[in-house]
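# Inside the fold
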Amino acid sequence: MTATTPSGPSRPAETATPAPPAEPVLLRGLLKTPPYRRILLLCALVGIPVSLVCFWFLAGLHALQRLLWESLPHALGWDGPPWWWPLPLLLAAGALVGLVVARLPGAGGHIPAAGLAVGGGTTRALPGVVLAAVASLPFGAVLGPEAPLIALGSGFALLLRDLARGPATPQATALLGVAGAAAAIAAIFGSPLIAAVLLIEVVGVGGPQLVAVMLPALLSSGLGALVFTGFGRWTGLQTGGLSVKLPGPVPRLDAADVGWALLVAVVVAALLRQAVGVGQAVAAFVAKAPIARTALCALGAGVCAAVYALVTGRSPADVASSGQSVMATLADDPRAWGVLALVAVLLCKAVGYALCLGSLRGGPIFPALFLGAAAGVLASPLPGLGVVPAVAAGLAAAAASVLRLPVSSSVMALLLVGTAGMTPVVILAAVAALIVTELLPGPRRRELAG
């Protein structure tokens, strides 16, 4: 007797192999596209010359600043710049920048009070960007070199594309501009990681589109950082990079550190929120008569530096500068600054910073970081609070308040402090500062003409 197979439910048809996720397929297809691969190669090549241009640009600014603030006063018989020294220098800076804004294409670059612009540089605006930066930064503007450097990197990358007759499609233009900006950011902050994180938050895209933008940026900034570092060692020239080296061992965090650090973050955010708001008002004031009013506001920043020097007996360069070199000495020996000097530099530099944000040309980050570090040093004697967590919180809060980018601000502060042990304080300070900045009344950051 033959056995029969028991009947049962019909066997379902074999399930088709699920299709792979759409995003990897899109990215894989993009990487196989010859035009994108050509752009990727061009971005790799762009990082090298852009870094060399950025190196010489920063070295030139640093040399001119030393000439105006160290060599020239010594040649005239002073040990350092006298209290009135910033007045004629910043008046001249304001007049020159006003002429650039009124006469040259691109108005000397974007207005610092509008925030940090990544990319968007054009070849047509390059001469004005360079001239405005040279007229502002070495003469004592309370601004950093990062914004003109980013515009220079972006514009120079596009110039190289035009000279090489590369693709001029919108995609190629955007990717090359971002790659040039990334190389410049890596040069000034000393780390391709900051360039990558900044671009992730600023560009604001996701998925394969994010990877497509970030690959050229990482490639360009990584190669550029290698060239920039090696070329600096070979020539022996200084470019005035940003660094903070806090003395002593890194303490273990406790509740007092975290509590006081949050208070420092709130105060720093409130101070810088007001400074940026005043800077936006100054920008609107200057726009109506660029030449005369730029000179007037720059002279006002000079008055702030002169008042600081008269009150404290210290150099007016503490106020009339980006703060990157002064911050290194502040972090190296914070006890050398008395309470009066710290309060005076916070108030005078904040006012000068606000005036320069709306009138001269430069970046908003470096002076903000100095103000955050100075506020941290001032608060460090509070019970249970140390210098390291206080400065770490001040740096993170300052960057977050000005940039409105919490992840980038946290990474920047951690790299400057140089220890992962401050990660909780840095993240909490960045988040608290961002919340305070957004909730405080006042004009919101907006795109300003220029």
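The structure presented is a predicted model; accordingly, all values stated were derived computationally and were not measured.

What follows is about the overall build of the chain. A tally of helices and strands in the chain yields 16 helices and zero strands. Evaluated residue by residue, the chain yields a buried proportion of 52% over its 450 residues. Roughly 19300 Å² of accessible area belongs to the chain as shown, and the carbon and sulfur atoms make up 69% of that amount.

Let us now look at the packing of helix α2 (residues 34-75) against helix α5 (residues 146-163). Direction vectors running N to C along α2 and α5 enclose 135°, while the axes themselves pass 9 Å from each other. What the angle tells us is that α2 and α5 run oblique. Judged by the sense of rotation from one axis to the other, the crossing of α2 with α5 is right-handed. Contacts between α2 and α5 involve Leu-42, Val-46, Pro-49, Val-50, Val-53, Cys-54, Phe-57 and Leu-58 from the first element and Leu-149, Leu-152, Gly-153, Phe-156, Ala-157, Leu-160 and Arg-161 from the second.

Using the criterion set out here, one finds four aromatic pairs in the structure. An angle of 85° between the planes, with centres 5.4 Å apart, marks the rings of Phe-55 and Trp-56 as edge-to-face. Under the relative-accessibility criterion, Trp-56 is labelled partly exposed at 47%. Note on Trp-84 and Trp-85: the rings are 5.6 Å apart at their centroids and 50° apart in plane angle, and the pair reads as tilted. Of the residues examined, Trp-85 reaches a relative accessible area of 7% and is grouped as buried. The rings of Trp-78, Trp-84 and Trp-85 are connected pair by pair, giving a single aromatic cluster.

As a further point, take helix α14 (residues 387-403). With 17 residues, α14 ought to run about 24 Å at 1.5 Å a step, and its terminal C-alpha atoms sit 24 Å apart, in line with that. Of all 17 residues making up α14, 17 are buried, and the element is well covered by its neighbours. Count one or two residues on from α14 and you reach Arg-404, which has phi positive near 60°.

Here we come to a nonpolar patch on the surface. Taken together, the side chains of Leu-72, Leu-76, Trp-78, Trp-83, Trp-84, Val-303, Val-307, Leu-310, Val-311 and Leu-340 make up a nonpolar region of the molecular surface, amounting to roughly 910 Å² of accessible area. Top contributing element to the nonpolar patch by residue count: helix α10 (residues 290-312), with four residues. One can find Trp-78 in the loop between α2 and α3 (86-103). Taking relative accessible area as the criterion, Trp-78 reaches 34% and is therefore assigned partly exposed.

Moving on, we get to the state of the cysteines. Tallied over the full model, the rule gives zero disulfides. The thiol of Cys-297 is unpaired, and the distance to the nearest cysteine sulfur, on Cys-356, comes to 8.9 Å. The class for Cys-297 is buried, based on a relative accessible area of 7%. Distance from the sulfur of Cys-356, which forms no disulfide, to the nearest cysteine sulfur (Cys-304) is 8.4 Å.

The next thing to look at is the pattern of salt bridges. Under the counting rule described, the total for this entry stands at three salt bridges. A salt bridge links Arg-66 to Glu-70; its shortest N-O distance comes to 3.5 Å. With Arg-66 and Glu-70 both in helix α2 and four residues apart, the pair spans about one turn of that helix. We note a salt bridge from Asp-318 to Arg-314, for which the minimum N-O separation is 3.1 Å. A relative accessible area of 9% means that Asp-318 is categorised as buried.

Between its first and last C-alpha atoms α3 spans 25 Å; for 18 residues at 1.5 Å apiece the expected length is 26 Å, and the two agree. Looking at α3, one finds that the buried residues are Pro-86, Leu-89, Leu-90, Ala-93, Gly-94, Val-97, Gly-98 and Val-100. Around the axis of α3, the buried residues are gathered within 165° of arc, so they sit on the same side. Looking at the packing, one finds that the buried side of α3 touches α2, α4 (126-136), α10 and α12 (339-359).

Running from amino to carboxyl end, helix α9 (residues 255-287) crosses helix α13 (residues 365-379) at an angle of 140°, the nearest separation of the two axes being 10 Å. Taken together, the axes of α9 and α13 lie oblique to each other. The element α9 and its partner α13 pack so that their crossing is right-handed. Between α9, through Val-264, Val-268 and Leu-272, and α13, the contact on the second element is made entirely by Ala-368, Leu-371, Gly-372, Ala-375, Gly-376 and Ala-379.

The predicted model of the chain averages 81 in pLDDT, with 79% of residues at 70 or higher. Ignoring residues within four places in sequence, the model shows residues 1-15, a span with pLDDT below 50, making zero contacts including any to other chains. In this model, residues 445-450 is a region of pLDDT below 50 whose contacts with residues beyond four sequence positions or in other chains number 19 contacts.

Take the side chain of Ser-136 next. With respect to the helices and strands, the residue Ser-136 is situated in helix α4. Classification of Ser-136 as buried rests on a relative accessible area of 0%. Discounting residues that sit within four places of it in the chain, Ser-136 has contacts with Val-97, Ala-141, Leu-360 and Arg-361.

What follows deals with the environment of Pro-35. Checked against the element boundaries, Pro-35 lands in helix α2. A residue is classified by how much of its surface remains accessible, and Pro-35, at 36% relative accessible area, is partly exposed. C-alpha of Pro-35 to C-alpha of Ala-172: the two residues are 137 residues apart in sequence and 8.8 Å apart in space.

Cut-offs used in this document
Residues numbered from 1 in each chain as written. Predicted model: local features only at pLDDT ≥ 70, side-chain atom pairs only at ≥ 80, totals over all residues. Heavy atoms only, no water. Helix = DSSP H or I, 4+ residues; strand = E, 2+ residues; numbered from the N terminus. Buried < 20%, exposed > 50% of the residue type's maximum accessible area, 1.4 Å probe, protein only. Areas by Shrake-Rupley, 256 points an atom, 1.4 Å probe, with all protein chains shown as cover. Axes fitted to C-alpha atoms, helices over the stretch in contact; angles between N-to-C directions. Parallel < 35°, antiparallel > 145°, perpendicular 65-115°, else oblique. Left-handed = near helix turned anticlockwise from the far one by under 90°. Contact = heavy atoms within 4.5 Å. Phe/Tyr/Trp six-rings, centres within 6.5 Å; stacked < 30°, edge-to-face > 60°. Expected span 1.5 Å × (residues − 1). Patch = residues over 30% accessible without salt bridge, like charges linked within 9 Å, V, L, I, M, F, W, Y side chains within 5 Å. Salt bridge = Lys/Arg side-chain N within 4 Å of Asp/Glu carboxyl O. Disulfide = S-S within 2.5 Å. Arc of directions from axis to C-beta. pLDDT = per-residue confidence, 0-100.

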